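A structural walkthrough
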Number of protein chains: 2
Amino acid sequence: MKSGFITAADVAREAGVSRSAVSRTFTPGASVSRDVRERILRAAEKLGYRVNRLAQGLQMAQSNLVGVVASNLTSPFNTALLDGISAALFTRGLQCMLLNAEAARDDIGTLVNQVLEYRVRAVVILSGAPPEEIIEACLRNDVRLILINRGTLPGNADKIDTNDLTGGQLAAERMLLDGRRHVATVRSGNGSVSQKRRTESFVARMSEAGARVTPWMSGPNNFETGREAARALLADSSIDGAFCATDLIALGFLDTARFELGMDVPQHFSIIGFDNIPEAAWPSHGLTTVSHPIEAFIDAILSCLDDERQLSEGALNFTIPVELIERETTGARTRKHTSKAAL
Amino acid sequence: MKSGFITAADVAREAGVSRSAVSRTFTPGASVSRDVRERILRAAEKLGYRVNRLAQGLQMAQSNLVGVVASNLTSPFNTALLDGISAALFTRGLQCMLLNAEAARDDIGTLVNQVLEYRVRAVVILSGAPPEEIIEACLRNDVRLILINRGTLPGNADKIDTNDLTGGQLAAERMLLDGRRHVATVRSGNGSVSQKRRTESFVARMSEAGARVTPWMSGPNNFETGREAARALLADSSIDGAFCATDLIALGFLDTARFELGMDVPQHFSIIGFDNIPEAAWPSHGLTTVSHPIEAFIDAILSCLDDERQLSEGALNFTIPVELIERETTGARTRKHTSKAAL
DNA sequence: CGTTAGATTGCACACGTGTGCAAGAGCATT
DNA sequence: AATGCTCTTGCACACGTGTGCAATCTAACG
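Residues numbered from 1 in each chain as written. Chains lettered and ligands numbered in written order. Predicted model: local features only at pLDDT ≥ 70, side-chain atom pairs only at ≥ 80, totals over all residues. Heavy atoms only, no water.

Attention shifts here to the protein's contact with DNA strand D. Around DNA strand D, 25 residues are found, and the nearest of them are Ala8, Arg19, Ser23 and Tyr49 of chain A together with Arg24 of chain B. Take the atoms of DNA strand D that sit within 4 Å of the protein: sugar and phosphate atoms are 59% of them. For DNA strand D, a base oxygen lies 3.3 Å from a polar atom in the side chain of Ser20 of chain A. Between DNA strand D and the protein, one listed contact pairs a phosphate oxygen with a side-chain N or O atom of Tyr49 of chain A at 2.7 Å. (Near = heavy atom within 4 Å. Polar contact = N/O pair within 3.5 Å; in protein donor to acceptor, adjacent residues only side chain to side chain.)

On to the interface of chain A and chain B. On the side of chain B, 56 residues touch chain A, which itself brings 56 residues to the contact. Overall, the association of chain A and chain B removes approximately 5700 Å² of surface from exposure, summing both partners, and the carbon and sulfur fraction of that is 61%. A per-residue breakdown of the area chain A buries against chain B is headed by Arg50, Leu54 and Arg119 of chain A, which together make up 14% of the total. Counting across the chain A and chain B interface gives 2 salt bridges. Arg53 of chain A is the partner of Glu117 of chain B in a salt bridge, and the nearest nitrogen-oxygen pair spans 2.6 Å. Taken together, chain A and chain B are joined by 17 residue pairs in polar contact (both at pLDDT 80 or more). A breakdown of the residues in the side of chain A that touches chain B according to their chemical character gives 29 nonpolar, 16 polar and 11 charged. Note: strand E2 (residues 95–100) of chain A against strand E2 (residues 95–100) of chain B, 3 bridges, orientation antiparallel. Each residue of the ladder has a partner; that of Leu98 of chain A, found in E2 of chain B, is Cys96 of chain B. (Contact = heavy atoms within 4.5 Å. Buried area = accessible area lost by both parts, 1.4 Å probe. Salt bridge = Lys/Arg side-chain N within 4 Å of Asp/Glu carboxyl O. Nonpolar A, V, L, I, M, F, W, Y, C, P; charged D, E, K, R; others polar. Pairing = 2+ DSSP bridges. Helix = DSSP H or I, 4+ residues; strand = E, 2+ residues; numbered from the N terminus.)

On to the packing of aromatic side chains. Both the distance between ring centres and the angle between the ring planes are used here to describe each pair of aromatic rings. Counting across every chain of the model gives 12 aromatic pairs over all chains. On the numbers, 4.6 Å between centres and 25° between planes, the contact of Phe202 of chain B with Phe243 of chain B is stacked. Of the two residues, Phe202 of chain B is situated in helix H9 (residues 193–208) and Phe243 of chain B in strand E8 (residues 241–244); the sequence distance between them amounts to 41 residues. Phe243 of chain B matches Phe202 of chain B in its accessibility class, with the two residues each being buried. Ring centres of Phe253 of chain B and Phe269 of chain B lie 6.3 Å apart, and the angle between their planes is 80°; this geometry places the pair in the edge-to-face category. Placement of the pair is Phe253 of chain B in helix H11 (residues 247–260) and Phe269 of chain B in the loop between H11 and strand E9 (270–274), with a sequence separation of 16 residues. The exposure classification of Phe253 of chain B matches that of Phe269 of chain B, with both residues buried. Sitting over the ring of Phe274 of chain A, Arg198 of chain A keeps its end group 3.7 Å from the ring centre. Arg119 of chain B extends its terminal NZ or CZ atom over the ring of Phe5 of chain A, reaching a point 3.6 Å from the ring centre. (Phe/Tyr/Trp six-rings, centres within 6.5 Å; stacked < 30°, edge-to-face > 60°. Buried < 20%, exposed > 50% of the residue type's maximum accessible area, 1.4 Å probe, protein only. Lys NZ or Arg CZ within 6 Å of the ring centre and 35° of its normal.)

We now examine the domain arrangement of chain A. What the domain assignment lists for chain A is domain 1 (8–49), domain 2 (65–156) and domain 3 (164–291 + 325–342). Computed from C-alpha coordinates alone, the two centres of domain 1 of chain A and domain 2 of chain A are separated by 37 Å. (Domains from an automatic or database assignment.)

What follows concerns the relation of the copies chain A and chain B. Least-squares fitting of chain A to chain B yields an RMSD of 0.1 Å, with the superposition described by an axial translation of 0.1 Å and a rotation of 180°. Such values leave the two copies arranged in the relation of a two-fold axis. A shared interface surface links the copies, since 100% of the contact residues of chain A are contact residues in chain B too. (Least-squares fit on C-alpha atoms with pLDDT ≥ 70 in both.)

Right, here's the structure in full:
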């Protein structure tokens, strides 16, 4: 057998019909008689025919591809999201093009441009912020742009955002219930809009209640950042609580406080994270956290993809609900100011 | 501005040259005079021209896509691998098509068929086992097939495998040094070849040294599986060590032993995992484990992609080296048979 | 049997690109 | 000045597919 792919023309020759018939056989809803269809299917099976999606996409001026821009795939929340998205795309007969934002040094513009070259149907941005001219380019070419937790960027794009305001408030209420009066906020330094929003909401509520807040912000969104924050912040022993913008940071903070600094959580202070990653529920951590369920994100993304309208007719907006998951890093059964007594 | 993408013909008209010149301008190494090239680049910039990769792929009978079949993206080792692969592909100007094997109910044949429709340059299989006719289909169409830890499947494909034999032996030696005489092996029930190999190598060495081995195997490769194994196995208090085929399982085992069953590791027994995921190094776990570095996998994959030969001329084989990372779940400073004394 | 509506089939064009080929332009060598 | 060589440029074809249009075929109905 000769090398190279089998084309519809090969199948047509084998089945003794025209190439159009082959094309119609593989096009749902097209008009083909039953015995011709069967003869074609048999020939296609025999030769190992596969429709060339590149040619198809060229003809239709659209592909079945969806670009997904992600980064920090070591964060379990991001990977869970990616897992859900790739599975959801499969159910819609779409293919997932994964773009690694870190590899491109967070040059989201270049990445989106690359993916536009494939005439993708939509682009999902999980990470980084695309420049405005890129948003316009997508709009002009009828490519849906779906922004996940990117905040209110200018331009016409579908936006799916966690209810960070409520999330921050829930965390604050729990801190206040624990009687904490001097809390820290910890987030990564790369300026994620979502981290900023939830932190500021937390700060607002705590300040309103008269508590003191020490902000801390540095490094990437990972475990090590939490460790560094703990070392820096816990030198000041008046701090009796920490709200970390992601679970990964919170777990680094927690582990360092417990095992490196020998502190007792939640006796000495309370810790609350955000994301509800699987690791937070492990017995060794038992991290109290704010959850924003993956399923809600997936549903919202599918709604955007199923939306038949042109993007120019208006974009969609979704807010993902949050919930406080209480575990063992909050709710100490003790009097207030225990940590001060340790001085 | 009219909707739809800008084509090379549009640019040619704008710049007052032929369409060929535009094509050559964007083809490295083609012959174009300097001022024509500049005029074209200016026109392209102005109009927002993007090469249509679908048409290009059709013409060249090949795309810049590489299919990656993965599953269990909640496993940090898999995601780290995916992260590395997507970044590496970017450096080679290739695009990553992510296929979720779980979403396709592990029907790898269908997945590979789908990805072949895009005339991909190669397919990387991180999960599941493709049927032999698919391997042949790839071979026939000059699509490289790169199998990661899939064992010795029949057919001509590039194979990259962890040195599981040495890995299992290293774990066994450490167990013997700890004086363990009745150890368990824990692996998931979905029959990963790699898990099987490392476990069997461990068992062989332990048996050779006269130790007793109780095998356990069930469920998917996740934390919960480790928990169930601990509950089932530690009812038999003569067991004084466990070798888990992945870190995720090992951590579930460890956490359950410590926090649910109140045992002391490594006093009561030793635990060794495999993969060296980041979580294993967290202070709260300190899991001793066998590492097979991601970088080695990436290097091997790139070597396969860079290999210019046709697949029919012979495939590549790589073995990834392993190393025992000793942390706090082995090496108890105590006399032998401590656990027996606890009976 | 004649007519008509409906289903089926093939022809031919379009989608946007890369490149072989030949023609032309510019320049150095004889 | 004539010749040969190198560089540039445009024409035209091919890649594999979907589909409008017209032609053909089938069957139902009068």
